[in-house]
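What follows is the residue order along each chain.
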Amino acid sequence: MIYVSDLMTSRVFTLRRTDTLQDVRSLMQLAKIRHIPVTEDGDRFVGLLTHRDLLGYAVSHLAEINREEQEEIESSILVGDIMQTDVRTVAPDTLLREAAEILYRNKYGCLPVLDGDNKLVGIITEADFLRLAIALLHDA
């Protein structure tokens, strides 16, 4: 049997509630990621921000404001005010097939992986499953 812990990414970029929308944009661009868990008190999971959330709250490039004004607006929007808190999560010992079904059926891009104390221990994403598929197809 294969478990989520066998495929998940365990070194996860995170943000805090007090970080800003500008921090979200910068981290996503620099790390080339689309999902950022929000933690507090160390690694306790409290929410999630996705690229889709960023697009929903970002100042439109169609608005007639300059980059400086856009950054000022985005630096005033806090992660804690826009993060998703009703987030489906899985445990490291969840069967990989079950996690894949959750992602597919609900059209999620990721599942934060939490231990029994609600601590973030990893994340499993669509990209992780694609890497697995590529590896399996390469070996075939």
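Residues numbered from 1 in each chain as written. Predicted model: local features only at pLDDT ≥ 70, side-chain atom pairs only at ≥ 80, totals over all residues. Heavy atoms only, no water.

**Concerning the overall build of the chain**
- When helices and strands are counted, the chain shows seven helices and four strands.
- The N-to-C order of helical and strand elements in the chain reads α-α-β-β-α-α-α-α-β-β-α.
- Projected onto the principal axes, the alpha-carbon positions of the chain cover approximately 55 × 35 × 25 Å.
- In the chain, buried positions account for 36% of the 140 residues.
- At a minimum sequence separation of 6, the contacts of the chain that also span at least 24 residues come to 57%.
- A total accessible area of about 9,000 Å² is found for the chain, and carbon and sulfur atoms account for 51% of it.
- A gap of 5 Å separates the mean positions of the 15 positive and 23 negative side-chain charges of the chain. (Helix = DSSP H or I, 4+ residues; strand = E, 2+ residues; numbered from the N terminus. Buried < 20%, exposed > 50% of the residue type's maximum accessible area, 1.4 Å probe, protein only. Contact = heavy atoms within 4.5 Å. Areas by Shrake-Rupley, 256 points an atom, 1.4 Å probe, with all protein chains shown as cover. Lys, Arg positive; Asp, Glu negative; His and termini not counted. Charge placed at Lys NZ, Arg CZ, Asp CG, Glu CD.)

**Examining the layout of surface pockets**
- In this structure, the largest pocket spans a volume of roughly 390 Å³.
- In terms of lining residues, the largest pocket is bounded by 17 residues, among which Thr-50, Arg-52, Lys-107, Tyr-108 and Gly-109 are the most central.
- Those elements that place two or more of their residues in the lining of the largest pocket are strand S2 (44-50), helix H3 (51-57) and strand S3 (110-114).
- The element contributing the most residues to the lining of the largest pocket is H3, with three residues.
- Partitioning the lining of the largest pocket into residue classes produces five nonpolar, five polar and seven charged. (1 Å grid on protein atoms, 1.4 Å probe; cavity = no way out; pocket = protein on both sides within 12 Å on 5 of 7 lines; lining within 4 Å. Points joined across faces, edges and corners; volume = space filled by probe spheres on them. Nonpolar A, V, L, I, M, F, W, Y, C, P; charged D, E, K, R; others polar.)

**Concerning the environment of Pro-37**
- Its place among the elements puts Pro-37 in strand S1 (residues 35-40).
- Since its relative accessible area comes to 0%, Pro-37 is described here as buried.
- Sequence separation between Pro-37 and Asn-66 is 29 residues; the distance between their C-alpha atoms is 30 Å.
- Residues within four places of Pro-37 in sequence aside, it is in contact with Val-12, Phe-13, Thr-14, Leu-15, Phe-45, Gly-47, Leu-48, Leu-120 and Ile-123.

**Section: the packing of helix H6 (residues 96-106) against helix H7 (residues 126-139)**
- Taken N-terminus to C-terminus, the directions of H6 and H7 make an angle of 125°; their axes are 11 Å apart at the nearest point. Overall, the two elements H6 and H7 adopt an arrangement that is oblique. When you trace H6 past H7, the crossing you get is left-handed. On H7, the residues that touch Leu-96, Ala-99, Ala-100 and Leu-103 of H6 are Glu-126, Phe-129 and Leu-132. (Axes fitted to C-alpha atoms, helices over the stretch in contact; angles between N-to-C directions. Parallel < 35°, antiparallel > 145°, perpendicular 65-115°, else oblique. Left-handed = near helix turned anticlockwise from the far one by under 90°.)

**Let's talk about the confidence of the model for the chain**
- Mean pLDDT over the chain: 90, with 94% of residues reaching 70 or higher.
- Ranking the elements of the chain by mean pLDDT puts helix H4 (residues 67-74) last with 77 and S3 first with 98. (pLDDT = per-residue confidence, 0-100.)

**Regarding the nonpolar core**
- The biggest cluster of nonpolar side chains holds 13 residues, and the ones touching the most others in it are Leu-15, Val-24, Ile-36, Leu-49, Val-79 and Met-83.
- Breaking this core down by element, the ones donating at least two residues are helix H2 (21-31), S1, S2 and helix H5 (79-82).
- Setting aside anything within four residues of it in sequence, one finds Leu-15 in contact with Asp-23, Val-24, Leu-27, Ile-36, Pro-37, Val-38, Thr-39 and Val-79.
- Residues Leu-103, Leu-111, Ile-124 and Phe-129 belong to the second largest nonpolar core, which totals twelve residues. (Core = buried A, V, L, I, M, F, W, Y, C linked by side-chain atoms within 4.5 Å.)

**Quick notes on the pairing of S1**
- The buried fraction of S1 amounts to five of the six residues, a majority that puts the element mostly inside the structure.
- Note that S1 and S2 share six bridges and pair antiparallel. Counted as the bridge partner of Thr-39 is Phe-45 from S2. (Pairing = 2+ DSSP bridges.)

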